[in-house]
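One-letter residues, chain by chain:
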Amino acid sequence: MKTLFAALFIAFFATALLYLRFLLKRLLLFTKINAICKEHRFELVKSHFLWFMGNTGMEKCDFYIVTCEKVYSVVLSRSLIKNCTLRFEGNTLTKEYNMILYNVWGQIFRIPFRLYSRQRRDCNFKYAFQPRWEGKEIAFIALINPAVSEIRKLTTKGEMIIGDGDCIWGLTIFSLRGFLRELTEHSKRINKEDQHNEKNNYS
């Protein structure tokens, strides 16, 4: 009986740590997104109160970042377990947990365990879209936070690894770090275009 209670306690404690990590990662996302929007004077528009926690099922976008040229429509995704792989095959998404084992010679072996599979579901990226944004370029973003160890896509040539800025299912995939880098580069492009236009006006 004591062994059973000990096992249950360990399982509960491990699960609590996973959710604590998730909460800390999302609070960091909240801070970073607000900071970069303030720094570059982008408009952050939340589609619901707990926008940084995400919508269950990825059925609606969670927030928008609006610049003078572009609207980033963002849906949040996550994995409680860091050491897992997202595998896209046609219209099926599979999440696999990678168990890492070492042999006596120090060699590493990865044993994948399928956690779940689901069919493609389209997200409503215009859930809280505003008419004043009409005419701007729209980018549909899947922001994975906390991040997974890797994302793979099955193609006719075999499997390929998906990284920041790659597209799948009509979405551009980003980690938090990659998305912050994208916003910074977008701000630089806007400033460069403004400087070029000012030079042309004075010439």
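Quick caveat, the model's predicted, so the values are computed rather than measured. (Residues numbered from 1 in each chain as written. Predicted model: local features only at pLDDT ≥ 70, side-chain atom pairs only at ≥ 80, totals over all residues. Heavy atoms only, no water.)

Caption draft 1: Structural view of the overall build of the protein chain. Per the secondary structure count, the protein chain includes two helices and 11 strands. Going from N to C terminus, the protein chain has its helices and strands arranged as α-β-β-β-β-β-β-β-β-β-β-β-α. A total of 203 residues make up the protein chain; the buried ones form 35% of that total. Long-range pairs, those at least 24 residues apart, make up 57% of the contacts in the protein chain between residues at least 6 apart in sequence. Looking at the protein chain as shown, the accessible area adds up to about 13100 Å², and 58% of this sits on carbon and sulfur atoms. (Helix = DSSP H or I, 4+ residues; strand = E, 2+ residues; numbered from the N terminus. Buried < 20%, exposed > 50% of the residue type's maximum accessible area, 1.4 Å probe, protein only. Contact = heavy atoms within 4.5 Å. Areas by Shrake-Rupley, 256 points an atom, 1.4 Å probe, with all protein chains shown as cover.)

Caption draft 2: Representation of the sheet that holds strand β7 (residues 137–144) in the model. Reading across from one edge, β1-β2-β3-β7-β11-β10 is the order of the six strands in this open sheet, with mixed pairing throughout. The open sheet terminates on both sides in strands that have one partner only, identified here as β1 (43–46) and β10 (167–168). As defined by bridge partners, β7 adjoins strand β11 (residues 171–175) across four bridges and the pair is classed as parallel. Residue pairing for β11: A142 is matched across the bridge by I173. (Pairing = 2+ DSSP bridges.)

Caption draft 3: A nonpolar patch on the surface, seen in detail. Nonpolar side chains collect at one region of the surface, where F13, L17, L20, L23, L24 and L27 lie side by side and expose about 540 Å² of accessible area between them. As for its position among the elements, L24 is in helix α1 (residues 2–40). Residue L24 is classed as exposed on the basis of its relative accessible area of 51%. (Patch = residues over 30% accessible without salt bridge, like charges linked within 9 Å, V, L, I, M, F, W, Y side chains within 5 Å. Salt bridge = Lys/Arg side-chain N within 4 Å of Asp/Glu carboxyl O.)

Caption draft 4: Highlighting the nonpolar core. Residues Y64, L86, F88, W133, I151 and I173 are the most contacted members of the largest nonpolar core, which totals 23 residues. Elements with a minimum of two residues in this core: β2 (63–66), β3 (70–77), β4 (84–89), β7 and β11. In terms of residue count, the dominant contributor to this core is β4 (three residues). When sequence neighbours within four positions are dropped, the list of residues in contact with L86 reads L93, T94, K95, I144, V148, E150, I151 and R152. (Core = buried A, V, L, I, M, F, W, Y, C linked by side-chain atoms within 4.5 Å.)

Caption draft 5: Quick peek at the environment of V71. Its location among the elements puts V71 in strand β3. Excluding anything up to four places from it in sequence, V71 contacts Y64, I65, V66, F129, W133, K136, E137, I138 and A139.

Caption draft 6: Representation of the pattern of salt bridges in the model. This model, assessed by the stated rule, comprises nine salt bridges. The salt bridge involving E137 is made with K70; its shortest N-O contact spans 3.9 Å. One end of the pair, E137, is in strand β7; the other, K70, is in strand β3, with 67 residues separating them in the sequence. The class of E137 is partly exposed, set by a relative accessible area of 49%. Across the pair E182 and R189 runs a salt bridge whose closest N-O atoms are separated by 3.7 Å. By relative accessible area, E182 is classed as buried at 18%. Its relative accessible area of 39% is what places R189 among the partly exposed residues. Each of the salt bridges in this network shares a partner with another, and the network as a whole consists of R87, E96, E150, R152 and E159.

Caption draft 7: How the structure looks around the packing of aromatic side chains. A full pass over the atoms with the stated rule returns 11 aromatic pairs. Measuring from ring centre to ring centre gives 5.8 Å for W51 and F52, while their planes differ by 80°; the resulting arrangement is edge-to-face. Its relative accessible area of 2% is what places W51 among the buried residues. Taking the centre distance of 5.2 Å and the plane angle of 85° together, the rings of F129 and W133 count as edge-to-face. With a relative accessible area of 1%, W133 lands in the buried category. A cation over an aromatic ring shows up here: K126 above the ring of F129, its NZ or CZ 5.1 Å from the ring centre. (Phe/Tyr/Trp six-rings, centres within 6.5 Å; stacked < 30°, edge-to-face > 60°. Lys NZ or Arg CZ within 6 Å of the ring centre and 35° of its normal.)

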